[in-house]
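Overview (structure and organization)
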Amino acid sequence: MKYLKTYEGESIFTTMKRMYKKEVGTYEEPIYIHITIFDKAGFIKNEWMDTKVNKYLMNTLDDKFNLNFIKGSVNQLDVNKFDEIKDFLTNEVGLQFMDFSNKKRKEYCFKGKMSVNDLKNKI
């Protein structure tokens, strides 16, 4: 077991509770989901963010929309499901939607900041 640092006036049980909350995910982490759509092909990735909340959100998207993600890579996305995914990420999760589209391709980014516990409570 790691060395537990207790603060003045704090019992060992309070210290363990504080450390447990940190491990479970009560601190906020940034979320970045990036979607690129070409004519009939789309790709979704969690934009270089390898945080617990991003992993949890990507797994939730995979399960909820049957996307069949391959772990550790850029995942192909059915273009017809984009509107459902957009509504889910903006309305239910509460992420900010940004559009970086040009003539050749459509690029969208969903960003926000929340803890894993907050995300689990919203979904």
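Above this text you will find the structure in question.
Residues numbered from 1 in each chain as written. Predicted model: local features only at pLDDT ≥ 70, side-chain atom pairs only at ≥ 80, totals over all residues. Heavy atoms only, no water.

Remarks on the overall build of the protein chain
Basically, it comes down to this: Think of it this way: any DSSP run of H or I at least four residues long counts as a helix, any run of E at least two long counts as a strand, and we number them from the N terminus. Whether a residue is buried, partly exposed or exposed follows from its accessible area with a 1.4 Å probe, protein chains only, as a fraction of its type maximum: under 20%, in between, or over 50%, in that order. By definition, residues are in contact when any of their heavy atoms lie within 4.5 Å.
A count of helical and extended segments in the protein chain gives four helices and five strands. The order of helices and strands in the protein chain, counted from the N terminus, is α-β-β-α-β-α-β-β-α. The buried share of the protein chain, taken over its 123 residues, is 33%. In the protein chain, the proportion of contacts linking residues at least 24 apart, taken out of those at least 6 apart, comes to 54%.

With respect to the sheet that holds strand 2 (residues 42-45)
The following threshold applies: Here a strand pair is declared whenever DSSP counts at least two bridges between the two strands. Angles here are taken between N-to-C directions and fall from 0 to 180 degrees, while the axes themselves are lines fitted to C-alpha atoms, restricted in helices to the stretch in contact.
Strand order in this open sheet of five strands is 3-2-1-5-4, and the pairing throughout is antiparallel. Two strands bound the open sheet, and with one partner strand each, they are strand 3 (75-77) and strand 4 (96-99). Pairs of neighbouring strands in the sheet enclose a mean axial angle of 25°, with direction left out of account. Across the sheet, helix 2 (residues 52-65) lies against strand 1 (29-37), strand 2, strand 3 and strand 5 (106-114), angled at about 45° from strand 1, the strand it touches most. The sheet contacts of helix 3 (residues 82-93) involve strand 1, strand 3, strand 4 and strand 5, and relative to strand 5 the element is tilted by about 25°.

As for the pairing of strand 5
Relative to strand 5, strand 1 runs antiparallel, the two sharing nine bridges. Paired with Pro30 across the two strands is Lys113, which belongs to strand 5. Inspection of the sheet shows strand 4 paired to strand 5 by four bridges, in the antiparallel sense. Counterpart to Met98 in the pairing with strand 5 is Cys109. Between strand 4 and the antiparallel strand that follows it, strand 5, lie six residues.

A closer look at the environment of Lys55
Checked against the element boundaries, Lys55 lands in helix 2. Residue classification places Lys55 among the partly exposed positions, given a relative accessible area of 41%. Distance from Lys55 to Val116, taken between C-alpha atoms, is 9.7 Å for residues 61 residues apart in sequence.

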